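The chain contents come next:
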Amino acid sequence: MNRPMIAHRGAAMEQLMAELKQPLADLFRTAHPVVIGTASTTGFMEAAIRCGVVERVLVVIGGAFGERFARIAELSGKEVIRVMVPPGRTLEPEYLAQFLDGPPVDAVALVHSETSTGALAPLLDLISVVRNRKDLLVLVDAASSLGGSPVETDHWGMDFVFAGSQKALGLPPGLVLGAVSPRLLARARWLSDRGRYFDLVRYAEAAERSQPPSTPSIPLYFALAAQLERIQAAGGIEARWRRHHAMLTMVEEWVLLHPQVSLLAAEGRRSWTVSCLNLPAATLGDHVVGAMAERGWVIGAGYGELKASTIRIGHMGDAEPDRLRALLEDLSSVLDPQSSVLSP
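So, a few notes on the structure that sits alongside this text. (Residues numbered from 1 in each chain as written. Predicted model: local features only at pLDDT ≥ 70, side-chain atom pairs only at ≥ 80, totals over all residues. Heavy atoms only, no water.)

## Remarks on the pairing of strand E4 (residues 107-111)
Two faces make up the sheet, and in a regular strand the side chains alternate between them. Of all the 5 residues making up E4, 5 are buried; the element is thus mostly covered by neighbouring parts of the structure. Alternating residues of E4 divide into Ala107, Ala109 and Val111 and Val108 and Leu110, and every residue in both groups is buried. Summarising the sheet, E4 and strand E7 (residues 137-141) pair through 5 bridges and their orientation is parallel. Bridged to Leu110 within E7 is Val140. (Buried < 20%, exposed > 50% of the residue type's maximum accessible area, 1.4 Å probe, protein only. Helix = DSSP H or I, 4+ residues; strand = E, 2+ residues; numbered from the N terminus. Pairing = 2+ DSSP bridges.)

Dropping the structure here:
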């Protein structure tokens, strides 16, 4: 990221973007265009709605980021059908089929790994249900799953799947990446209200020319290229998935030894990259976060309505199992019944 600036419309930028095409296709497991924006994941969440929804979208909500998807749709003038599931749970395919028998929708919006709860949706099974309905697009927030657990864009049949740079890819925040299907681009081309900054048609056309759609954060492009090279050198994306899954297993095994806590997400529906833990009664998430900070660790309190009662551990990006093991050892001491953290 300390490299000198280059002209974002010059030959060096075109070469950089051309060199990114295949590594990004490998990351998303796609033959579709992969587009890059200078924004947070929320930016492409808005792009998904503005470029993929005509009038009405069904949004599956199991946490804060599913609700964000729904609110963006409403603020973009779209009608929203909310499908609510309890925090830590995921919608199962048979129920999605029932909801799709209701009012007609243009698209289904899903969060793959709900960062606020640590729940991992059964994406392939859900998309298989959607694919039984004609002309429905599948829009997927993969913010905390892309790069950390399987995301099979083409095989699973996603029309737009997107993620930011700062989670499982282990990069600084500020870039958002997305894979766009021909079906979505065909719809977007005749939508008159898709805006400009997040117009995915413009993004796809620029990507085809190996150019950014607008002035980009060039240092972050340098970082992305370097990180994709590191992923390949370390065994490819499958090796990265295996490391993340090993860390999830480590957290699950630790929880079994500490009955005073539990995982919010159900077994078999747990994110490979972030775990949300229910705390004992009278224990506040902020207190645990503070106690861990005193020991040199950064973890998260719960998100939104879960802020006081849970903590979140991100085992993603370049995190290694040995570091996670050390973190969990310190968390054991913080949560010991004799600890002042547990005092009312």
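## Some thoughts on the layout of surface pockets
Considering only enclosed or pocket space, the largest pocket measures out at about 370 Å³ in volume. Along its surface, the largest pocket is lined by 20 residues, and Glu19, Pro23, Ala225, Leu228 and Glu229 are the ones closest to its centre. Of all the secondary structure elements, the ones that give two or more residues to the lining of the largest pocket are helix H1 (11-28), helix H9 (218-233) and helix H10 (237-256). The element contributing the most residues to the lining of the largest pocket is H1, with 8 residues. Partitioning the lining of the largest pocket into residue classes produces 12 nonpolar, 2 polar and 6 charged. (1 Å grid on protein atoms, 1.4 Å probe; cavity = no way out; pocket = protein on both sides within 12 Å on 5 of 7 lines; lining within 4 Å. Points joined across faces, edges and corners; volume = space filled by probe spheres on them. Nonpolar A, V, L, I, M, F, W, Y, C, P; charged D, E, K, R; others polar.)

## Quick look at the pattern of salt bridges
Two side chains bearing opposite charge may form a pair once their charged atoms approach each other closely. Applying the stated rule across the entire model yields 18 salt bridges. Arg82 is paired through a salt bridge with Glu67; the nearest N and O atoms lie 2.9 Å apart. With Arg82 in strand E3 (residues 79-84) and Glu67 in helix H3 (residues 64-75), this pair connects stretches of sequence that are 15 residues apart. For Arg82, a relative accessible area of 29% gives the class partly exposed. Notably, a salt bridge pairs Arg230 with Asp318, separated by 3.3 Å at the nearest N-O pair. (Salt bridge = Lys/Arg side-chain N within 4 Å of Asp/Glu carboxyl O.)

## Focus: the pairing of strand E11 (residues 274-278)
For E11, the buried fraction is high: 4 of the 5 residues fall into the buried class. As paired strands, E11 and strand E13 (residues 310-314) are joined by 5 bridges and run antiparallel to one another. Residue pairing in the sheet places Asn278 in a bridge with Thr310 of E13.

## Some remarks on H1
In a regular helix each residue adds 1.5 Å, so 18 residues correspond to 26 Å; H1 covers 26 Å between its end C-alpha atoms and thus fits that length. Of all the positions in H1, only Met13, Leu16, Met17, Leu20, Leu24, Ala25, Leu27 and Phe28 are classed as buried. One or two residues past the end of H1 sits Arg29, with phi positive at roughly 55 degrees. (Expected span 1.5 Å × (residues − 1).)

## Looking at empty space enclosed by the protein
Applying the stated criterion across every chain yields a total of 3 cavities of 30 Å³ or more. Lining the largest cavity are 16 residues, with Val60, Gly62, Thr90, Val111 and Ala121 positioned closest to its centre. Mapped by element, the contributors of at least two residues to the lining of the largest cavity are strand E2 (56-61), E4 and strand E6 (119-120). Among the residues forming the lining of the largest cavity, the class breakdown is 10 nonpolar, 4 polar and 2 charged. Looking at the second largest cavity, its volume works out to about 40 Å³. Residue lining of the second largest cavity: Met17, Val34, Val35, Ile36, Tyr203, Ala206, Ala207, Gln211, Pro212, Pro213 and Tyr221, and that is the complete set. Taken together, the elements giving at least two residues each to the lining of the second largest cavity come down to strand E1 (34-38) and helix H8 (200-208). Here the lining of the second largest cavity is built from residues that sort into 10 nonpolar, 1 polar and no charged.

Any functional reading would require information that these geometric values do not contain.
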